[in-house]
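The lines below spell out each chain.
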Amino acid sequence: MSRAFPNGRADGKPQYPTIPVADVTAISRQRRRLIWQIGFFTLFALAPVFNILRYDLTAGHAWLLGMEWRLGLDAFSAGEISALEAAGNVLFRLFLPLLGGAALFLFAAWKWGRLYCGWLCPHFSVVETINKLMQRASGKPSVWERQPLPPWKPDGKPWRADARWWFAVVPAAIGFAFVWAVVLLTYLLPPAEIYGNLASASLTRNQALFIGAATTVLSLEFLFARHLFCRFACAVGLFQSLAWMGNRDAMVVGFQRARASECGSCLPDRRSACEAVCPMRLKPRNIKRHMFTCTQCAQCVTACAESQRDNPQGPLLDWVADEAARQNEAAFRAARAREFDRSASD
């Protein structure tokens, strides 16, 4: 099955070269993911403004979906309700909603992996943006990367780094850090007050200190430690990965190991397109436990589809789940067992 696009022919009639559907699907998936990332980042920034979710330190209560969210402890302090009623308020208005939300979140991770990280997380969208800018500037997505990435795009087209892009890397990191700092403060103080003080350059001492310190720390994190934070310091990501690891039927990036020899030439310099594009610097063709921090961004799947676009058998990577996920792991173990047997016989 293929999709056609018109093109001229020698006889003047339109010609319709074909683009594999797997390639089109993979590219459209990345476009959808970008839309989700932009939408969620916008929601993250505007949620306090519209009282969708925030805690107001000035008023002493939270806001949820435009409504005040109180625990009812003021009534207990005033002697209007008993201790048992106050405990019930805390249970039903705080702990049960939090536990219910956490359960739904972890169920999604158990079934689909760190989908929140790869498709929604406002921090990870910044990570990917800085990665791409830094790659344009230095050939590497991180200052800690030992070797430059292959000078080829997944479709085989060459590219080269340009040091002038550093003039975009540093301002972008500082700009994102400043936005994050201001938005985080609006989750704690009235947004109208914060944005009003910013516009009139009349921030209070504490507001200025918070924004300045947060901008500094986040700038350093975005420039030097953004991958380290996602892999080792983010509790949200850690619990998603743990839940995902507990489900053998969960969605994973499947690899057709029987066709592994076709991976040797997917780029002109015999390097792997899927490894080059991974924002977490993982090896997507590996076993699940070695993909612990995979964010399900599917960039490796897209890169494979682009590099194998002329292959009639299609790409070697794709999302799989349920029994296909189990078979994917079993195929890897079988391949490792054969390699062990060969080495033992030698």
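Residues numbered from 1 in each chain as written. Predicted model: local features only at pLDDT ≥ 70, side-chain atom pairs only at ≥ 80, totals over all residues. Heavy atoms only, no water.

### With respect to unusual backbone geometry
Working note: non-glycine residues mostly have negative phi, and peptide bonds are mostly trans. Applicable threshold: What counts as a helix is a DSSP run of H or I of at least four residues, what counts as a strand is a run of E of at least two, and both are numbered from the N terminus. Exposure classes here rest on a 1.4 Å probe applied to the protein chains alone. A residue is buried below 20% of its type maximum, exposed above 50%, and partly exposed in between.
Phi at R281 is positive, roughly 60°, even though this residue is not glycine. As for its position among the elements, R281 is in the loop between α10 (273–277) and α11 (299–307). Positive phi outside glycine occurs at A298, with the angle close to 65°. Note on placement: A298 falls in the loop between α10 and α11. Here A298 falls in the buried class, since its relative accessible area comes to 3%.

### A short note on the packing of helix α6 (residues 166–186) against helix α7 (residues 191–199)
For clarity, the threshold we go by: For helices, the fitted axis covers only the stretch in contact; all axes are lines through C-alpha atoms, and the angles between them, taken along N-to-C directions, range from 0 to 180 degrees. Here the word oblique covers every angle except those under 35 degrees (roughly parallel), over 145 (roughly antiparallel) and from 65 to 115 (roughly perpendicular). In what follows, residue pairs with any heavy atoms lying within 4.5 Å of each other are defined as contacts. Each residue gets one of three labels, nonpolar for Ala, Val, Leu, Ile, Met, Phe, Trp, Tyr, Cys and Pro, charged for Asp, Glu, Lys and Arg, and polar for the others, Gly among them.
Relative orientation of the contacting elements α6 and α7 amounts to 140°, with a least axis distance of 8 Å. If you check the angle between α6 and α7, you find them oblique. Of the residues in α7, those touching α6 at F178, V182, V183, L185 and T186 are P191, I194, Y195 and L198. Residues belonging to the contact of α6 with α7 are distributed by class as follows: eight nonpolar, one polar and no charged.

### Re α6
Under the convention used in this document: Residue count minus one, scaled by 1.5 Å, sets the expected span of a helix.
In a regular helix each residue adds 1.5 Å, so 21 residues correspond to 30 Å; α6 covers 31 Å between its end C-alpha atoms and thus fits that length. Three or more residues of α6 are buried, namely V169, A172, A173, A177, W180, A181, V182, V183, L185 and T186.

### With respect to the side chain of T186
The criterion, for reference: N or O atoms closer than or at 3.5 Å make up a polar contact, with two conditions inside protein: a donor-capable atom paired with an acceptor-capable one, and, for residues adjacent in sequence, both atoms drawn from side chains.
Mapped onto the elements of the fold, T186 is located in helix α6. A distance of 2.5 Å separates a polar side-chain atom of T186 from the backbone oxygen of V183. Excluding residues that lie within four positions of it along the chain, T186 makes contacts with P48, R54, P191, I194 and Y195.

### Considerations on the sheet that holds strand β3 (residues 53–56)
Put simply, the test is: In this description, strands pair whenever DSSP reports at least two bridges between them.
The strand order across the open sheet built from three strands is β3-β4-β5, with neighbouring strands paired in antiparallel fashion. The strands lining the two open edges of the sheet, one partner per strand, are β3 and β5 (67–69). In this sheet, adjacent strand axes meet at a mean angle of 30° when their direction is disregarded. Examined bridge by bridge, β3 and strand β4 (residues 61–64) share four bridges and lie antiparallel to one another.

### A word on the packing of aromatic side chains
Basically, it comes down to this: Aromatic rings from Phe, Tyr and Trp, taking only the six-membered ring of Trp, are treated as a pair when their centres fall within 6.5 Å; an angle between ring planes under 30 degrees marks them as stacked, one over 60 as edge-to-face, and anything in between as tilted. For a ring to carry a charge above it, either NZ of a lysine or CZ of an arginine must fall within 6 Å of the ring centroid while also lying within 35 degrees of the normal to the ring plane.
Under the criterion given, the structure shown has eight aromatic pairs. Ring centres of F41 and F44 lie 5.9 Å apart, and the angle between their planes is 65°; this geometry places the pair in the edge-to-face category. Separated by three residues within a single helix, F41 and F44 lie in helix α1 (residues 21–46), roughly one turn from each other. Given a relative accessible area of 17%, F41 falls into the buried group. Classification of F44 as buried rests on a relative accessible area of 11%. Seen from their ring centres, F41 and F176 are 6.3 Å apart, and the 75° between their planes marks the pair as edge-to-face. One end of the pair, F41, is in helix α1; the other, F176, is in helix α6, with 135 residues separating them in the sequence. Members of the aromatic cluster, joined through ring pairs, are F41, F44, F176, W180 and Y187. Against the face of W165 rests R136, its NZ or CZ located 4.8 Å from the ring centre.

### Considering the confidence of the model for the protein chain
In low-pLDDT regions, the fine details of the predicted coordinates are not to be read closely. We apply this condition: One number per residue, pLDDT, summarises how confident the predictor is, and it ranges from 0 to 100.
Summary statistics for the protein chain give a mean pLDDT of 85 and a share of 88% for residues scoring 70 or more. When pLDDT is averaged over each helix and strand of the protein chain, the minimum, 35, is found for strand β1 (residues 2–4) and the maximum, 97, for α6. Taken together, the stretch residues 1–22 has pLDDT below 50 and engages in 29 contacts with residues farther than four places along the chain or on a different chain.

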